[in-house]
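# Inside the fold
So the chains spell out like this:
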Amino acid sequence: MAEGAKRPVKKVMQPLVIPRNAAEEQRLKLERLMRNPEKQVPILEKPRDWAPRPPPEFVRDVMGSSAGAGSGEFHVYRHLRRREYMREEFMEKQAAQQRLEDEFQRKLDNNRRVAEEKTEKRRKKRNSLGFSTREKLLITEILAAITSQSNTYYILASEVKGEENIGEESQE
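Residues numbered from 1 in each chain as written. Predicted model: local features only at pLDDT ≥ 70, side-chain atom pairs only at ≥ 80, totals over all residues. Heavy atoms only, no water.

## Examining the overall build of the protein
- A tally of helices and strands in the protein yields four helices and zero strands.
- Beginning at the N terminus, the succession of helices and strands in the protein can be written as α-α-α-α.
- The buried share of the protein, taken over its 172 residues, is 3%.
- Summarising the internal contacts of the protein: among those between residues at least 6 apart in sequence, 17% fall at separations of at least 24. (Helix = DSSP H or I, 4+ residues; strand = E, 2+ residues; numbered from the N terminus. Buried < 20%, exposed > 50% of the residue type's maximum accessible area, 1.4 Å probe, protein only. Contact = heavy atoms within 4.5 Å.)

Next up, the structure:
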């Protein structure tokens, strides 16, 4: 053996362990990964959905309907027919999936609109605070009076409570 050549490293034989359940299988996989932490771990990506090959732009072997076609032409025809059926099935599945997604979006928008209407109705109910129309008018007048004149407030407050002399200044 040449002096610069390296000898192959012998692997240590591990005993064969058959996992009894999923947790044990996961534990064995983790142990194997952690034996050499520097080693890169391949992380697989989600496989792409299958899509049919696009049809060729120029078809060279146009099959005619003439009698006397060779026996090998049947297999070519069968293959082309199978591929076309697969393409049609794929397009039908895509259309069905698109219809389901559109229906789901319609339902989602409808549910959102109904929820918003209910929320608006409840919001109006909350903001009304349970006062009658007469009480609301009196509160509005009181608030307007507070902003305009403070003396007018005392007169309106006495009217609301039904008393005559509350808040009026003595005129002696």
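There is more to say, and it comes next.
## Points about the packing of aromatic side chains
- Tallied over the entire structure, the rule returns one aromatic pair.
- Each ring, one from W50 and one from F90, has its centre 5.7 Å from the other, and the planes form 90°; the classification is edge-to-face. Separated by 40 residues along the polypeptide, W50 in the loop between α1 (22–35) and α2 (71–128) and F90 in helix α2 bring together distant segments of the chain.
- When its relative accessible area of 48% is taken as the criterion, W50 is described as partly exposed. (Phe/Tyr/Trp six-rings, centres within 6.5 Å; stacked < 30°, edge-to-face > 60°.)

## Re the pattern of salt bridges
- This structure, assessed with the given rule, holds 10 salt bridges.
- The residue R27 makes a salt bridge to E31 at a minimum N-O spacing of 2.8 Å. Placement of the pair is R27 and E31 together in helix α1, with a separation of four residues, close to one helical turn.
- Of the residues examined, R27 reaches a relative accessible area of 41% and is grouped as partly exposed.
- Between R113 and E117 there is a salt bridge whose closest N-O contact spans 3.2 Å. With a gap of four residues between them, R113 and E117 both fall in helix α2, about one helical turn apart.
- Using a relative accessible area of 46% as the deciding quantity, one classes E117 as partly exposed. (Salt bridge = Lys/Arg side-chain N within 4 Å of Asp/Glu carboxyl O.)

## Quick look at a nonpolar patch on the surface
- A cluster of nonpolar residues, L30, L33, M34, V41 and I43, forms a patch on the protein surface that exposes about 530 Å² of accessible area.
- By the secondary structure assignment, I43 is in the loop between α1 and α2. (Patch = residues over 30% accessible without salt bridge, like charges linked within 9 Å, V, L, I, M, F, W, Y side chains within 5 Å. Areas by Shrake-Rupley, 256 points an atom, 1.4 Å probe, with all protein chains shown as cover.)

## Overview of a positive patch on the surface
- Among the surface-exposed residues, K118, K121, R122, K125 and R126 lie close enough to one another that they form a single positively charged patch.
- For K118, the location among the structural elements is in helix α2.
- The class for K118 is partly exposed, based on a relative accessible area of 48%. (Lys, Arg positive; Asp, Glu negative; His and termini not counted. Charge placed at Lys NZ, Arg CZ, Asp CG, Glu CD.)

## Looking at the confidence of the model for the protein
- For the protein, the average pLDDT comes to 79, and 77% of its residues sit at 70 or higher.
- In the predicted structure, residues 165–172 sits below a pLDDT of 50 and forms four contacts with residues beyond four places in sequence or in another chain. (pLDDT = per-residue confidence, 0-100.)

## Some points on the side chain of E24
- Tracing the sequence through the fold places E24 in helix α1.
- If we skip the residues at most four places from it in the chain, E24 touches V17, I18 and P19.

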